[in-house]
Amino acid sequence: MDTQRQKHLVLILAREFASNLSTPTLIADERGYLVFYNEAAEDVVGRRFGEVGEVPLDDWLGAFDAKTLAGETIPPEERPARVALDQHRASHLRYVVTSTDGLEREIEVTAFPLFAHTEEFVGVVVIFWRS
Amino acid sequence: MPRQVKIWGCRGSVPTPGSDTVAFGGNTSCVEIALGDDAALVLDAGTGIRELGFDLVRRGTQQIYLFLTHLHLDHLEGLRFFAPLWNPEVTLDIWGPRSPVASLRSRILRAFSPPLFPLDFRDVPAEVRFHDLPGQPWESHGLSLGAELVLHPGPTLGYRLETGASSLAYLPDHEPVLAGIADRSPDWISGGAVASGADLVLHDSQYLDEEYDAKIGWGHSSVGDAIAFYRAVGAGRLVLFHHEPQRSDRELDSLEARAQMLAGPGEVPPVLAREGMVFELD
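Asks: Describe the overall build of chain B, listing the residues and the values that go with them.
Replies: Helices and strands together make up the secondary structure of chain B, namely 6 helices and 14 strands. Here the C-alpha radius of gyration of chain B, 18 Å, is about what a compact globule of 282 residues would show, namely 19 Å. Put simply, chain B has 282 residues, and 60% of those count as buried. Contacts in chain B between residues at least 24 apart in sequence constitute 68% of all its contacts with a sequence separation of at least 6. Carbon together with sulfur atoms contributes 52% to the accessible area of chain B, which is approximately 10,900 Å² in total. Of note, chain B has its 22 positive side-chain charges centred 3 Å away from the centre of its 38 negative side-chain charges.

Asks: Describe the interface of chain A and chain B, with residues and values.
Replies: Each partner contributes to the interface: chain A provides 22 residues, whereas chain B provides 24 residues. For the pair chain A and chain B, the summed buried area comes to about 2,000 Å², and 57% of that belongs to carbon and sulfur atoms. Where chain A meets chain B, there are 3 salt bridges. With its nearest N and O atoms 2.6 Å apart, the salt bridge here joins Arg184(B) to Glu16(A). If you list the elements that add at least two residues to the side of chain A that touches chain B, you get α1 (9-19), β2 (33-37) and β6 (104-117) of chain A. Here the element with the most residues in the side of chain A that touches chain B is α1(A); it accounts for 7 residues. Looking at side-chain class alone, the side of chain A that touches chain B contains 8 nonpolar, 7 polar and 7 charged residues.

Asks: I'd love a proper account of the sheet that holds strand β10 (residues 167-171) of chain B, names of residues and values included.
Replies: Residue and element names in this part refer to chain B. Strand order in the open sheet made by the 7 strands is β7-β8-β9-β10-β11-β12-β13, with mixed pairing throughout. Each edge of the open sheet carries a strand with a single partner, namely β7 (138-140) and β13 (271-272). Relative to β10, strand β9 (residues 157-162) runs antiparallel, the two being bridged by 4 bridges. Residue pairing across strands places Leu161 opposite Leu168, the latter belonging to β10.

Asks: Describe the pattern of salt bridges, naming the residues involved and giving the relevant values.
Replies: Tallied over the entire structure, the rule returns 24 salt bridges over all chains. We note a salt bridge from Lys7(A) to Asp187(B), for which the minimum N-O separation is 2.6 Å. A residue pair is termed interchain when its members come from two chains, as with Lys7(A) in the segment before α1 and Asp187(B) in the loop between β10 and α3 (192-195). The pair Lys7(A) / Asp187(B) is uniform in exposure class, with both members buried. It is possible to trace a salt-bridge network through shared partners that takes in Lys7(A), Asp29(A), Arg31(A), Glu54(A) and Asp187(B).

Asks: Give me the lowdown on the nonpolar core, citing residues and values where you can.
Replies: Counting 74 residues, the largest nonpolar core has Trp60(A), Leu41(B) and Phe67(B) as its most contacted members. In this view, Leu41(B) contacts Val31(B), Glu32(B), Ile33(B), Leu35(B), Tyr65(B), Phe67(B), Trp138(B), Leu143(B), Leu145(B) and Leu161(B); residues no more than four positions away in its chain are not counted.

Asks: An account of the pairing of strand β14 (residues 278-281) of chain B is requested, with residue identities and associated values reported.
Replies: All names here are of chain B. Only one face of β14 is buried, namely the one carrying Phe279 and Leu281, since none of Val278 and Glu280 on the opposite face is buried. Sheet topology note: the strand β1 (residues 3-9)/β14 ladder contains 4 bridges and is antiparallel. Within the sheet, the bridge partner assigned to Gln4 lies in β14 and is Glu280.

Asks: Which residues make up the packing of aromatic side chains, and what are the values?
Replies: All chains considered together, the criterion is met by 16 aromatic pairs over all chains. Between the aromatic rings of Phe81(B) and Phe117(B), the centroid separation amounts to 5.8 Å while the plane-to-plane angle is 90 degrees, which identifies the pairing as edge-to-face. One end of the pair, Phe81(B), is in the loop between β4 (63-67) and β5 (91-97); the other, Phe117(B), is in the loop between α2 (104-109) and β6 (127-133), and 36 residues separate them in sequence. Relative accessible area serves as the criterion here: at 9%, Phe117(B) is assigned to the buried category. Centroid distance Phe112(B) to Phe117(B): 5.6 Å. Interplanar angle 75 degrees. Geometry classified as edge-to-face. The exposure classification of Phe112(B) matches that of Phe117(B), with both residues buried. Taken together, the aromatic side chains of Tyr65(B), Phe67(B), Trp95(B), Trp138(B) and Tyr159(B) make up a single cluster linked through ring pairs. Its end group placed over the ring of Trp188(B), Arg15(A) keeps NZ or CZ at 4.7 Å from the ring centre. One cation-aromatic arrangement involves Lys6(B) over Trp8(B); the distance from NZ or CZ to the ring centre is 4.2 Å.

Asks: Tell me about the state of the cysteines, residues and numbers included.
Replies: Residue and element names in this part refer to chain B. All told, the structure shown has 0 disulfides over all chains when counted by the stated rule. Between Cys10, a cysteine without a disulfide, and Cys30, which holds the nearest cysteine sulfur, the sulfur-to-sulfur distance is 11 Å. With a relative accessible area of 0%, Cys30 lands in the buried category.

Asks: Break down the sheet that holds strand β1 (residues 25-29) of chain A for me, citing the residues and quoting the values.
Replies: Residue and element names in this part refer to chain A. Pairing is antiparallel across the open sheet formed by 7 strands, whose spatial order is β3-β2-β1-β7-β6-β5-β4. Looking at the sheet topology across the chains shown, the edges are occupied by β3 (55-56) and β4 (65-67). Taken together, the 8 bridges between strand β5 (residues 91-98) and β6 define a ladder with antiparallel strand orientation. Bridge pairing in β6 links Val96 to Glu106.

Scoring rules and cut-offs
Residues numbered from 1 in each chain as written. Chains lettered and ligands numbered in written order. Predicted model: local features only at pLDDT ≥ 70, side-chain atom pairs only at ≥ 80, totals over all residues. Heavy atoms only, no water. Helix = DSSP H or I, 4+ residues; strand = E, 2+ residues; numbered from the N terminus. Rg over C-alpha atoms; globule rule 2.2 N^0.38 Å. Buried < 20%, exposed > 50% of the residue type's maximum accessible area, 1.4 Å probe, protein only. Contact = heavy atoms within 4.5 Å. Areas by Shrake-Rupley, 256 points an atom, 1.4 Å probe, with all protein chains shown as cover. Lys, Arg positive; Asp, Glu negative; His and termini not counted. Charge placed at Lys NZ, Arg CZ, Asp CG, Glu CD. Buried area = accessible area lost by both parts, 1.4 Å probe. Salt bridge = Lys/Arg side-chain N within 4 Å of Asp/Glu carboxyl O. Nonpolar A, V, L, I, M, F, W, Y, C, P; charged D, E, K, R; others polar. Pairing = 2+ DSSP bridges. Core = buried A, V, L, I, M, F, W, Y, C linked by side-chain atoms within 4.5 Å. Phe/Tyr/Trp six-rings, centres within 6.5 Å; stacked < 30°, edge-to-face > 60°. Lys NZ or Arg CZ within 6 Å of the ring centre and 35° of its normal. Disulfide = S-S within 2.5 Å.

Shown next, in the form of structure tokens:
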């Protein structure tokens, strides 16, 4: 097809699902690009998705300093989103982030991979649980 | 050379023979794209394929390429009565969606065995080959045919055919509004890439707008949503397809008139598909 390729149907459905949740939710595609986050996540991120657009997940994660509850730095590859993306497995972690506004927040994050078929990885869903 | 696109069946859900369905036809989904007498390209195997099969026998066609959107019975049930299948000289290649856990072949063979059918598939004399989709676009006879998964219950494909000069999108069972149309870019619309800028779009329009609320999630579009989809993807001409089985010819005439009133300035008014209708692609 000459036209711009359609997002995988699983991502389209995930976006619609996320759009109707009050829980902050992000979606990244199989390349690791953040392709959508919902309105609830705009509070966490501090910007509307339309202003950010599609960006590599690493660029986005890099904007937030992440530490364990004991204050130790968490490398990007150990954060749930990257675990789901790199290792294709679910991951959950409670940690402290310092966002672009300089505020520290304790958050819980769950990330899980999306498989359309057993060997067809199409992206990840990342959910932020607000306490 | 113009390519003819012929509709052999456009009824939705179940065949509807009878005096009330003569003009639009009662056979379920089947569309043929002309390749010449030696080969045939067919979209879906609803009951319309039965009559097409007799025509292919008359033409002596021995290579048939069949692309299934999905395996709901109204898109498959004609295959068992497709005359070329019972000719050992015929080669039939079938493409269609695999499920997350089963191949296309194993899914189709369920319909070709007791108690659903008296014969087993091994009794079929034609050479039949199965191909799982989505995959690489099919290219032959100067045509290219690509597929994407689209919104409909169960694994379902939409197809886009390119002739080089023009294009056809085939989305007979499709409910894109479930994941949004109006505020989405085409890459985020189910079927968006399949239909984007297509010269001709055959699209599901099973329900009246006022019927749709009671049937959300059943996998089909209202006429209004089909038109919204056509506008969002910037297609050239819309052919409304997969008619509600209860709808009589008179009701479909009325529906077509209503649909044409929804056409905006500069838009080609939509038409309803009819059995025997022929379009030409450049």
